[in-house]
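Structural characterization, general
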2 protein chains.
Amino acid sequence: MTDAINILELDHTFTMHRGGVLHAVEIAYETWGTLNEDRDNAVLLFTGLSPSAHAASSPADPSAGWWEDMIGCGRPIDTDDFFVVCINSLGSCFGSTGPASLNPATGKPYRLTFPTLTIEDIAQAGAEVVKSLGINRLRAVIGPSMGGMTALAYCMQSPSPPVDAFVSVSSAARALPFAIALRSLQREIIRNDPKWQQGNYEAGDGPLQGMRLARKLGMISYRSASEWKSRFGRERAASVPSAHDPFGVEFEVESYLAATANKFTGGFDANCYLYLSRAMDLFDCAEHGGSLPCAATEMPVQKALIIGAETDILFPLEQQEQLAELLREAGKEVVFHPLPSIQGHDSFLVDMDRFRPAIGEFFRGL
Amino acid sequence: MTDAINILELDHTFTMHRGGVLHAVEIAYETWGTLNEDRDNAVLLFTGLSPSAHAASSPADPSAGWWEDMIGCGRPIDTDDFFVVCINSLGSCFGSTGPASLNPATGKPYRLTFPTLTIEDIAQAGAEVVKSLGINRLRAVIGPSMGGMTALAYCMQSPSPPVDAFVSVSSAARALPFAIALRSLQREIIRNDPKWQQGNYEAGDGPLQGMRLARKLGMISYRSASEWKSRFGRERAASVPSAHDPFGVEFEVESYLAATANKFTGGFDANCYLYLSRAMDLFDCAEHGGSLPCAATEMPVQKALIIGAETDILFPLEQQEQLAELLREAGKEVVFHPLPSIQGHDSFLVDMDRFRPAIGEFFRGL
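Read on for a plain summary of the structure. (Residues numbered from 1 in each chain as written. Chains lettered and ligands numbered in written order. Predicted model: local features only at pLDDT ≥ 70, side-chain atom pairs only at ≥ 80, totals over all residues. Heavy atoms only, no water.)

Here's the deal with the interface of chain B and chain A
Accessible area lost upon the coming together of the parts is a frequently used measure of interface size. The condition is simple: Throughout, a residue-residue contact means that at least one pair of heavy atoms, one from each residue, lies within 4.5 Å. Here the quantity called buried area is the accessible surface, traced with a 1.4 Å probe, that two parts lose on coming together, added over both. Any carboxyl oxygen of Asp or Glu within 4 Å of a side-chain nitrogen of Lys or Arg constitutes a salt bridge here. Under this definition, polar contacts are N or O atom pairs within 3.5 Å; protein pairs additionally need one hydrogen-donor-capable and one acceptor-capable atom, and for neighbouring residues in sequence, both atoms have to be side-chain atoms. Helix and strand assignments come from DSSP, with helices taken as H or I runs of at least 4 residues and strands as E runs of at least 2, each series counted from the N terminus.
Every contact between the two is made by 49 residues of chain B and, on the other side, 50 residues of chain A. Contact between chain B and chain A buries roughly 4500 Å² in total, counting both sides, with carbon and sulfur atoms accounting for 65%. Broken down residue by residue, the surface that chain B buries against chain A is led by Phe-178, Arg-234 and Phe-247 of chain B, which jointly contribute 19%. At the boundary of chain B with chain A, the tally comes to 12 salt bridges. Note that Arg-234 of chain B is salt-bridged to Asp-284 of chain A, the shortest N-O span being 3.2 Å. Applying the counting rule to chain B against chain A returns 24 residue pairs in polar contact (both at pLDDT 80 or more). Where the side of chain B that touches chain A is concerned, the elements lending two or more residues are α3 (177–192), α4 (208–222), α5 (225–231), α6 (252–265) and α7 (270–282) of chain B. The leading source of residues in the side of chain B that touches chain A is α3 of chain B, at 12 residues.

Points about the packing of helix α4 (residues 208–222) of chain A against α3 of chain B
Using the following cut-off: The convention used is that axes are lines fitted to C-alpha atoms, helices contributing only their stretch in contact, and that angles between N-to-C directions extend from 0 to 180 degrees. We call two directions roughly parallel when the angle between them is under 35 degrees, roughly antiparallel when it is over 145, roughly perpendicular when it lies between 65 and 115, and oblique otherwise. For a crossing to be left-handed, the near helix must be turned anticlockwise from the far one by less than a right angle; the clockwise case is right-handed.
For the pair α4 of chain A and α3 of chain B, interaxial distance at closest approach is 10 Å and the crossing angle is 165°. As judged from the angle between their axes, α4 of chain A and α3 of chain B are roughly antiparallel. In the packing of α4 of chain A onto α3 of chain B, the handedness of the crossing is left-handed. Counting all contacts with α4 of chain A, which are made through Gln-209, Leu-213, Lys-216, Leu-217 and Ile-220 of chain A, the residues of α3 of chain B involved are Phe-178, Ala-181, Leu-182, Leu-185, Glu-188, Ile-189 and Asn-192 of chain B.

Let's talk about the pairing of strand β8 (residues 83–87) of chain B
Two faces, one strand: in a regular strand the side chains alternate between the faces of the sheet. Residue and element names in this part refer to chain B. Note the following rule: Burial here depends on accessible area, computed with a 1.4 Å probe over protein chains only, as a share of the maximum for the residue type. Under 20% is buried, over 50% is exposed, and the range in between is partly exposed. Criterion used throughout: strands pair if DSSP finds at least two bridges between them.
Most of β8 sits out of view: 5 of its 5 residues are buried. Judged by which residues are buried, β8 turns out to be covered on both faces: Phe-83, Val-85 and Ile-87 on one side and Val-84 and Cys-86 on the other are all buried. The sheet contact formed by strand β4 (residues 26–32) and β8 spans 4 bridges and is antiparallel. Among the inter-strand pairings, Trp-32 is bridged to a residue of β8, identified as Val-84. Note that strand β5 (residues 42–45) and β8 share 4 bridges and pair parallel. Within the sheet, the bridge partner assigned to Ala-42 lies in β8 and is Phe-83.

Points about helix α6 (residues 252–265) of chain A
Given 3.6 residues per turn, any residue in an α-helix points the same way as the ones three and four places further on. Operational definition: An expected span of 1.5 Å times one less than the residue number is assigned to each helix.
With 14 residues, α6 of chain A extends 20 Å from end C-alpha to end C-alpha; this agrees with the ideal 20 Å at 1.5 Å per step. Residues Val-253, Glu-254, Tyr-256, Leu-257, Ala-258, Thr-260, Ala-261, Phe-264 and Thr-265 of chain A constitute the buried set of α6 of chain A. In this fold, the buried residues of α6 of chain A make contact with α4, α5 (225–231) and α7 (270–282) of chain A together with α3 of chain B.

Structural notes on the relation of the copies chain B and chain A
Our working definition: The atoms used to superpose the copies are C-alpha atoms, taken from residues with pLDDT of at least 70 in both, and the fit is least squares.
If you rotate chain B by 180° and push it 0.0 Å along the axis, it lands on chain A with an RMSD of 0.0 Å. Here the copies are linked by what is in effect a two-fold axis. Looking at the interface residues of chain B, 100% of them are also at the interface in chain A, so both copies use one shared face.

A few points about the sheet that holds strand β12 (residues 163–169) of chain A
Where strands meet in a sheet, backbone hydrogen bonds hold them as pairs that are either parallel or antiparallel. Residue and element names in this part refer to chain A. Taken in spatial order, the 8 strands of this open sheet run β1-β4-β8-β5-β11-β12-β13-β14, and their pairing is mixed. Looking along the sheet, the strands with just one partner apiece sit at the ends: β1 (6–9) and β14 (333–339). Strand-to-strand twist in this sheet, taken as the mean axis angle between neighbours without regard to direction, amounts to 20°. Sheet topology places strand β5 (residues 42–45) next to strand β11 (residues 138–144); 4 bridges connect them, and they run parallel. In the sheet register, Val-43 faces β11, and the bridge partner there is Ala-140. Across the sheet, helix α1 (residues 119–132) is in contact with β1, β4 (26–32), β5, β8 (83–87) and β11; its angle to β4 comes to roughly 60°. Packed on one face of the sheet, helix α11 (residues 352–364) meets β5, β11, β12, β13 (303–309) and β14 and runs near 175° to β13.

So, the environment of Leu-305 of chain A
Residues and elements named next belong to chain A. Positionally, Leu-305 belongs in strand β13. Since its relative accessible area comes to 0%, Leu-305 is described here as buried. The sequence separation of Leu-305 and Glu-9 amounts to 296 residues, and the corresponding C-alpha distance is 32 Å. In contact with Leu-305, other than residues within four places in its own chain, are Phe-166, Val-167, Ser-168, Val-335, His-337, Ala-358, Ile-359 and Phe-362.

Geometric values such as these leave the question of function open.
Have a look at this one:
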């Protein structure tokens, strides 16, 4: 862990949304910019499933963050104006308590004894950080992908301090069956790896091959057919299948997937992945208020930005438009920004030329 | 095998498109209707990856076939007019020679010693059947999915007997990287099952779990998000995850996938699946003629029907439209029929109310 990471250690028990209690919870976060005197210029950022709290570089950690282009001095979320806080999700493995953490009661990792994790719990952990920092007002709660769900859950369950704006980036108000099916299959692939051992693998000796295959399936759902068509076409890879391995890598797209999967799998704990993945399936904003329209009405924000990519198959634009419409009907001031990005769900990490100005404009108006 | 299945035993060697030779090749096929006196009313049907030659019921096998609604007396491909021949693909495992067959030279199954299989080989095996039946003219060569690729390859490489019409159902002129990535991952999942044993499993003791997971991935790519949204929504399954299996089936869509996968996996040989799946990736009609436009020009048919579903993500409609356009530019009489079916790639097996009349109209005009 770098010097940029702050750890909030809770001195009280943490009650989970679907039951169960955690003790000695730790929540990792990073910050950029300065909280002003009135403590009212904060922006709370939740992440997608896999990133850490390192969203951008800082003096304490000059390495590039996962949303480097979006946060900083003169950038769309301008740290000259805003004090930005990014949370490592509860249940993840980059400093926050999760299934890979030691259970203080047993001295062993929680593994599958970790209680059911929900998006609401991740939001609640973020609320603990906001409280601990003495923030009086949040100018925005924002998140991409799973982070957008978390931002939504945050707004629904933490009315204080007040939140001015909700920003959903390539996200949705609930999980639908196509995305559930994809994530369910990823989890099954991991659990099917003999090295998973019902969750009881030792740290560093987990189901690497299962994680690799699950990540490949993830990449297939994160990008788009049209991007890959223009990027890879039917290009052949440098190495081709041999008599020894007739089903090995032949096409460039296969070699790209292999490289991407290898890069990912070393760093992420398999049980944490399973818990976070399932939390997304379980999320349905309609549970707050009885229906989606009621939830939208009860949401204590005035402004919202709903932004996403036309080629997203995991969080289809139709769902995002529906969320924008619901919030508009509930009387919010809503900007809906559908972008013609070709990189699918991942566009918010790649097509910065489109996402930067749209998000920058919204934040300048806050 | 039922009485409906005919087996053509080749009395000559079969040279594979990418090298290698097979001896004592057998090709399974079924027929419906009667070949007329002029032997010029035949329709040749190729299948998708997994079906047998049993496309429809017959007196010899009254069980429903995989395209039961499409073939028969008074049906769109009317057996009062046409003599229909359906081929079990070379490389498959329902009567035709494939990786699961005994190699006459060794007395053992080919397994991975089977030469590289291509769509062109499957088409060539169909041509052997056509020749053996003394057919003078084919009124149409038709196939859905992989079968459409095979029909295309057939037309390109078998100019005699003459073919009047080419019918592509939810198919394409080449494999693109999104579909390649999905199939490549399916193959890797199967090969990753320890029971695959580098292809050397015993019949009936193969990589069942890998096949099950690959089939689930298949189903995700065969259907559409909008169908599943309206069909399953966020319905919960009858059984829910327990403390014992916290990642078990929770949603109805998961239980549907499990049931579909279980139904499939008993009957299909894993090595055959790997060979056929890779044959689809390798297919590129541009290899016949140097480019797609050249291939279209050289294609010895006068009429074509290109029909598919708007929600198909495996063979996107855009690709189908492009094929129609190329054939039209090459001077063919082309009907392009995009259908608003919501069942994705599988629509041709499910949305019969749309596919039946469109295909029937075309065949009545032949």
